[in-house]
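Overview (structure and organization)
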Amino acid sequence: MALDTSIEFLKTVGVERAKLIKNTLGIVTVEDLLTFYPIKYVDKSRVFKISELKPQSLEIELQFRGRITEIQELPYGKGKKRLTAKFWDDTGTIELVWFRYSKWLLDQIPLHREVFIFGKVNLFNGVFSMPHPEIETDEKKAVSGTLLPVYSGSEKLTKRGINNKFFQKIIFNLLQNHLDELIQENLPENLLKSLSLMPRAESFLNIHFPKNHALMKEAERRIKFEEAFFFQLGYGLKKQHHKATVVGSPFPLVGHHFNDFYQNHLPFELTNAQKRVLKEIRSDMKKPIQMNRLLQGDVGSGKTMVALLSMLLAMDNGYQSCMMAPTEILAQQHFNGISELLKDTDIEVRLLTGSTKTSQRKEIHETLTSGALPILIGTHAVLEDVVQFKNLGLAIIDEQHRFGVAQRAKLWAKNKIPPHILVMTATPIPRTLAMSFYSDLDVSIIDELPLGRKPIITAHRKDSYRLSVYQFAKEELNKGRQVYFVYPLIEESETLDYRNLIEGMEHITDYFKNYTAVMLHGKMKPDEKEAAMQKFASGKAQIMVATTVIEVGVNVPNASIMVIESAERFGLSQLHQLRGRVGRGSEQSFCILMSSDKLSADSRKRLKTMCETNDGFRISEVDMQLRGPGDILGTQQSGVVDFKKLSLTEDSSIIKTSKYLVELLMKSDPKLEHPAHCQLRDYYQKQYRGKNKWGRIS
Ligand code: ADP
Ligand code: MG
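Note that this is a predicted model, so its numbers are computed, not measured.

All right, on to the overall build of the protein chain then. Scanning the protein chain from terminus to terminus reveals 25 helices and 22 strands. Principal-axis analysis of the C-alpha atoms places the extent of the protein chain at approximately 100 × 70 × 45 Å. Burial status across the protein chain gives 51% buried among its 698 residues. For the protein chain, the proportion of contacts with a sequence separation of at least 24, taken over those separated by at least 6, is 73%. When the accessible surface of the protein chain is split by element, carbon and sulfur atoms take 51% of a total near 33,600 Å².

Put into C-alpha cells, the structure is as follows:
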C-alpha cells in the first residue's frame with residue numbers, strides 16, 4: 001500500500017465506486033482519502049444522564065441509555081399525525097418525537113427494554129424532547145471509543161450506498177492496518193518538541209477518529225501547521241534560489257543627487273515609517289542581488305516620495321530608473337509631482353504614455369539608450385520593446401495589483417542584469433494573506449500617515465437624505481473646499497450606469513449653480529480627461545463628477561468632500577481607495593456613502609465598516625471575512641492559497657510562526673542538507689516537485 005495507490009484497489013471500493021467517488025469528490029488516491037478530513041464529528045463516546053441536560057447542552061448531539069414507553073400517535077396541524085413516546089433513565093424523562101414516520105418504523109421501535117438513543121435535544125413548551133432519535137440496542141455498536149467523523153458526502157453517492165458509514169469504514173481500515181507504512185514524519189524532531197506538535201501519524205488517527213475533542217484539536221493544529229510550514233518553505237526555497245542565482249546591480253553609494261535633494265529640496269520631514277522603509281530598500285539595493293520588494297502603504301502615506309528617493313539612489317550609482325503607473329492620469333500626476341519636486345535640481349524627468357507624440361517619443365527613446373535620461377515615468381507604454389535603456393537599475397511599479405506577472409517579467413528583460421524591482425500598493429491586503437501570498441517578495445510597510453492629517457469622517461446616508469447632503473456640500477464649497485461625486489460604472493450595466501452619471505451631472509450643475517463642475521469617466525479621450533483633471537486640480541472647477549477612474553492616486557489636497565453614490569455596489573477596498581482621494585490636506589475631510597434604502601446584510605456590513613475605521617488593514621480583514629481569500633486575490637491566483645485545514649482568516653498565529661521558523665531554517669540550512677532536515681527535504685521534493693505553485697511572481 002502506498003499513498004499514490006488508487007482507491008479502486010481498496011477492499012469494498014472497486015472500480016465502479018472509485019470512479020463515482022472520483023467524479024463527485026475528486027478523491028483518487030489513498031492519500032486523497034486520508035486527507036479527506038471530516039467536516040464535523042459526532043460524539044457517541046459518552047452516555048449522558050437525563051439529569052445532566054441543561055439549556056446550554058441543547059445544540060450538540062447527545063447519547064442516553066434508558067427505556068422507551070408510552071408510544072402514541074397524536075394528531076397535529078391539518079390532518080397530520082406525529083408519533084411520540086416517553087424515554088426515561090434513572091434520573092428523569094424526556095419525550096421522543098417523530099414528525100415523519102411509517103408503520104414500519106412504529107413496529108421497529110423497541111419498547112420496555114434497554115436502548116441507546118442519540119440526537120439533539122430541544123426544549124419545547126418546557127419539556128425536553130428529542131426529534132427523530134437514532135436508536136441502538138447493542139451497546140457495542142452504540143457507544144464508540146472515539147468521536148465519529150462526518151464527511152461531506154453527496155446525495156448521488158449516498159443513493160449508491162456510499163454514505164458516511166462507508167467512508168468511516170474504509171478510512172478506519174486504512175488507519176488501522178497501514179498507518180505506519182503510509183505516514184512518515186516530515187517535520188524535524190526539535191520542531192515537534194519545541195511547538196509540542198502531535199507526531200504526524202498520530203495526527204491522522206486523531207483527525208479522523210479522535211478519542212476526545214482535545215485530541216482532535218491537537219491533530220488539527222499539527223495539520224494546519226504542516227500546511228503553513230510547507231507553503232512557506234516553498235517560498236523560502238524559491239527566494240533562496242533566486243538570491244543564489246540572480247545577480248543584481250549593487251548600489252553602494254549615497255551621492256550628490258540624493259544628498260542634495262534630501263538636504264535642500266525635501267518639502268517636508270519624512271515620517272519615521274518612510275525613513276524605515278527607505279532604509280530597507282537601500283540595504284537591499286546595496287547588495288549584488290536583485291531586489292524584489294513590495295511596498296505596502298495606505299492611501300496618502302507618501303509612497304511616491306520613497307519611490308523618488310530610491311530613484312535618486314539609483315542615479316547616484318550611475319543607473320537609470322523608471323516608474324510605471326496603471327493609468328494615464330496617474331502617470332501624468334506622478335510626472336507633474338516629481339517634476340515639481342525636482343524643479344530646482346538639474347535632474348531630467350520625462351513622461352511616456354500611449355498619447356505621447358511621435359516626435360517626443362523618438363527623443364525619449366534616444367535619451368534612454370544614450371543614458372542621458374535618468375528617470376522615466378510612464379504607463380504600460382514603457383514596456384514596449386522599442387523602449388530600451390542604456391542601464392536600467394531600478395523599476396518601480398505603482399499600484400501593482402493592476403499589473404500582471406507577465407508585465408513585470410518584461411521589466412526584467414530591459415537590462416542584462418535585471419533591475420531592482422519595487423512594487424507599491426495602496427490596496428492593503430490582510431497581513432496573513434500578504435505573508436503567504438507575497439512570501440517571495442520582501443515586504444515593507446508604511447504604517448504611519450504624515451503628521452497633521454485629520455482622520456476622515458465617514459457617514460452613511462440613505463437616498464432620501466440627498467438634499468441635506470447637497471446642502472452640506474454647499475457649505476463646504478462656500479468655505480473654499482472642493483467636492484467629488486463618484487458614480488459606479490460596472491461593466492454589465494454600463495449604459496444604465498452611464499445614464500446615471502450624466503443625469504447626476506445635470507442634477508449637480510443645476511443645484512450648485514454658482515460653482516463649476518467637471519466630469520471624468522473612462523470613455524473620454526486622454527486629453528479631455530487631462531483637461532478635466534487640470535481644471536479641478538487648479539481649482540478652476542470646484543466639483544468633480546466622476547466614475548471610479550479617479551480611484552487610484554489622484555491627489556488634490558483641497559478636495560475635502562467625497563460623496564459616493566450607490567455605495568452599496570462598491571467593494572470594500574474600492575470604497576477605501578475612493579475615500580483616500582480626500583483627507584490629503586490639512587482641512588477636516590468627509591466621506592458620505594449614499595445608498596438605497598434596502599440593503600443586503602453584506603452591504604450593510606461594508607458600509608458600517610467604512611464608517612467605523614480609516615485603517616486599510618482593518619478594512620481588508622473584514623473584506624477577507626466577507627469574500628474569502630480567493631476572491632481578494634482574484635480567481636487567477638486563488639489556487640495559491642488553497643489549504644485544506646489552514647484558514648487565512650483564523651490562523652494568523654500559526655502562519656506567523658511557520659513563516660518565522662522557515663526564515664530561521666533558510667538562514668541556518670538553506671539547502672536542507674543537515675541530517676535532521678532530510679525528512680523535510682524528501683517530503684518537500686516528493687510532494688511539490690512538478691506542482692510548483694510557487695513559480696509565480698516575477
Ligand atoms: P500614496 O502613498 O497614496 O501614493 P502620496 O505619495 O501620493 O501617497 O502622498 C500623499 C500626499 O502626502 C502628497 O501630497 C505628498 O506630498 C504628501 N506627503 C508625503 N510624505 C509626506 C510627509 N512625510 N509629510 C507631509 N506630507 C507628505
Ligand atoms: Mg500613490
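We now examine the domain arrangement of the protein chain. As far as domains go, the protein chain holds domain 1 (46-143), domain 2 (256-285 + 302-425) and domain 3 (457-613). Here the C-alpha centroids of domain 1 and domain 2 sit 74 Å apart.

Glancing now at the sheet that holds strand 8 (residues 134-136). Read across the sheet, seven strands follow the order 6-7-4-3-2-5-8 without closing on themselves; strand pairing throughout is mixed. Edge positions in the open sheet fall to strand 6 (122-124) and strand 8, since each of these has one partner strand only. Strand-to-strand, the axes of this sheet are offset by a mean angle of 40°, without reference to chain direction. Both strand 3 (residues 80-89) and strand 4 (residues 92-98) contribute to a ladder of seven bridges, which runs antiparallel. In the sheet register, Trp-88 faces strand 4, and the bridge partner there is Thr-93.

This part takes up the pairing of strand 15 (residues 420-425). Strand 15 sits mainly inside the fold: six of its six residues count as buried. Alternating residues of strand 15 divide into His-420, Leu-422 and Met-424 and Ile-421, Val-423 and Thr-425, and every residue in both groups is buried. The sheet contact formed by strand 10 (residues 292-297) and strand 15 spans five bridges and is parallel. From the neighbouring strand, Leu-295 faces strand 15, where its bridge partner is Met-424.

Attention now moves to the site of ligand 1. The environment of ligand 1 is formed by 16 residues, the closest being Gln-274, Gly-300, Lys-303, Thr-304 and Arg-453. Within the side chain of Arg-453, an N or O atom sits 2.6 Å from an oxygen atom of ligand 1. Here an oxygen atom of ligand 1 sits 3.3 Å away from a polar atom, N or O, in the side chain of Arg-584. For ligand 1, whose accessible area on its own is 570 Å², the fraction buried by protein is 80%.

For the structure shown, the criterion picks out 19 aromatic pairs. Pairing Tyr-151 with Phe-167 gives two aromatic rings, centres 6.2 Å apart and planes at 55°, and the pair type is tilted. Pair noted here: Tyr-151 is in the loop between strand 9 (147-150) and helix 5 (155-159) and Phe-167 is in helix 6 (residues 164-182), with a separation of 16 residues, a long-range link. Each of the two residues, Tyr-151 as well as Phe-167, counts as buried. A network of ring pairs unites the aromatic residues Phe-36, Tyr-151, Phe-166 and Phe-167 as a single cluster. Here Lys-44 stacks its cationic end above the ring of Phe-118, 4.8 Å away from the centre of that ring. Taking NZ or CZ as reference, Arg-46 lies 4.0 Å from the ring centre of Phe-48, over its face.

A separate point is the packing of helix 17 (residues 466-478) against helix 18 (residues 494-511). One way to put it is that helix 17 packs onto helix 18 with a least axis distance of 12 Å and a crossing angle of 55°. When the axes of helix 17 and helix 18 are compared, the pair comes out oblique. Helix-helix and strand crossings are classified by hand; for helix 17 and helix 18 the assignment is right-handed. Along the contact surface, helix 17 presents Leu-467, Tyr-470, Gln-471 and Lys-474, while helix 18 presents His-507, Ile-508 and Tyr-511.

Pairing is parallel in the open sheet, where six strands are placed in the order 17-22-21-18-20-19. Both outer strands of the open sheet, strand 17 (457-462) and strand 19 (517-520), are each paired with one neighbouring strand and no more. The mean angle between the axes of side-by-side strands here comes to 20°, regardless of whether they run parallel or antiparallel. Both strand 19 and strand 20 (residues 543-546) contribute to a ladder of four bridges, which runs parallel. By the bridge assignment, Ala-517 is partnered in strand 20 with Ile-543.

Quick look at the pairing of strand 5 (residues 115-120) now. Of all six residues that make up strand 5, five are buried, and the element is covered over most of its length. Pairing of strand 2 (residues 61-76) with strand 5 involves six bridges; the strand directions are antiparallel. Within strand 5, the position partnered with Glu-61 by the bridge is Lys-120. Examined bridge by bridge, strand 5 and strand 8 share three bridges and lie antiparallel to one another. What sits directly across from Ile-117, in strand 8, is Ile-135.

A few words now on the packing of helix 13 (residues 328-341) against helix 19 (residues 526-537). Between helix 13 and helix 19, whose axes approach to 10 Å, the crossing angle comes to 50°. Considered as vectors, helix 13 and helix 19 are oriented oblique to each other. The way helix 13 lies across helix 19 gives a crossing that is right-handed. Facing helix 13, whose interface residues are Glu-328, Ile-329, Gln-332, Gln-333 and Asn-336, helix 19 presents Pro-526, Lys-529, Glu-530, Met-533 and Gln-534. Classifying every residue of the contact of helix 13 with helix 19 by side-chain character gives three nonpolar, four polar and three charged.

Moving on to the side chain of Thr-547. Inspection of the secondary structure puts Thr-547 in the loop between strand 20 and strand 21 (559-564). Take Thr-547: its relative accessible area is 2%, and that puts it in the buried class. Here Thr-547 is in contact with Val-486, Tyr-487, Leu-489, Leu-501, Leu-520, His-521 and Gly-522, once residues within four sequence places are set aside.

Here we take up the confidence of the model for the protein chain. In the predicted model, the protein chain carries a mean pLDDT of 87, and the fraction of residues at 70 or more is 92%. With pLDDT under 50 throughout, residues 692-698 is counted as low confidence; its partners more than four residues away or in other chains account for 28 contacts.

Below, the discussion takes up helix 6. Owing to its 3.6 residues per turn, the α-helix aligns residues three or four sequence positions apart on the same side. End to end, helix 6 covers just 23 Å across 19 residues, shorter than the expected 27 Å (1.5 Å per residue, more than 12% under). Of all bends in helix 6, the biggest is about 55°, found at Gln-176. For helix 6, every residue scored as buried is listed here: Phe-166, Phe-167, Gln-168, Ile-170, Ile-171, Leu-174, Leu-175, Leu-179 and Leu-182. Elements that come into contact with the buried residues of helix 6 comprise helix 1 (14-25), helix 2 (30-34), strand 9, helix 5 and helix 8 (200-208).

What counts and what doesn't
What you see as residue numbers is a count from 1 along each chain, following the sequence as written. Whichever chain is written first is A, and whichever ligand is written first is 1; the rest continue in order. In keeping with the predicted nature of the model, local features appear solely for residues at pLDDT of at least 70, side-chain atom pairs appear and are counted solely at 80 or more, and the whole-chain, interface and lining totals rest on all residues. Only heavy atoms go into the side-chain values, all of them from the structure, while hydrogens and water stay out. Helical segments are the DSSP runs of H or I of at least four residues, strand segments are the runs of E of at least two, and each set is numbered from the N terminus. Residue burial is assigned from relative accessible area. The probe radius is 1.4 Å, only protein chains are included, and a residue is buried under 20% of its type maximum, exposed over 50%, and partly exposed in between. Only heavy atoms enter the contact rule, under which two residues are in contact if any of them lie within 4.5 Å. To be clear on the numbers: accessible area is Shrake-Rupley with a 1.4 Å probe, and residue cover counts the displayed protein chains and nothing else. Residue ranges for the domains originate in an automatic or database domain assignment. Strands pair, by our definition, only if DSSP identifies at least two bridges between them. In this description, a line fitted to the C-alpha atoms serves as the axis of each element, helices being fitted only across the stretch in contact, and the angle between N-to-C directions of two axes falls anywhere from 0 to 180 degrees. It suffices for a single heavy atom of a residue to lie within 4 Å of a molecule or strand for the residue to be listed as near it. Counted as a polar contact is a pair of N or O atoms within 3.5 Å, where, for protein atoms, one must be capable of donating a hydrogen and the other of accepting one, and residues adjacent in sequence contribute only when both atoms are in side chains. Pairing of aromatic side chains requires ring centres within 6.5 Å, counting the rings of Phe and Tyr and the six-membered ring of Trp. Pairs whose planes differ by under 30 degrees are stacked, by over 60 edge-to-face, and all others tilted. Our definition puts a charge over a ring when NZ of Lys or CZ of Arg is within 6 Å of the ring centre and also within 35 degrees of the ring normal. Should an angle fall under 35 degrees it is called roughly parallel, over 145 degrees roughly antiparallel, and 65 to 115 degrees roughly perpendicular, with every other angle called oblique. Here a crossing is called left-handed whenever its near helix is offset anticlockwise from the far helix by less than a right angle, and right-handed whenever the offset is clockwise. Note that Gly is not counted as nonpolar here; it falls among the polar residues with everything else outside the nonpolar set of Ala, Val, Leu, Ile, Met, Phe, Trp, Tyr, Cys and Pro and the charged set of Asp, Glu, Lys and Arg. For every residue, the predictor assigns a confidence score, pLDDT, that lies between 0 and 100. What a helix should span is 1.5 Å times the count of its residues minus one. Bend is the name given here to the angle between axes fitted to two runs of seven residues, the run ending at a residue and the run starting at it.

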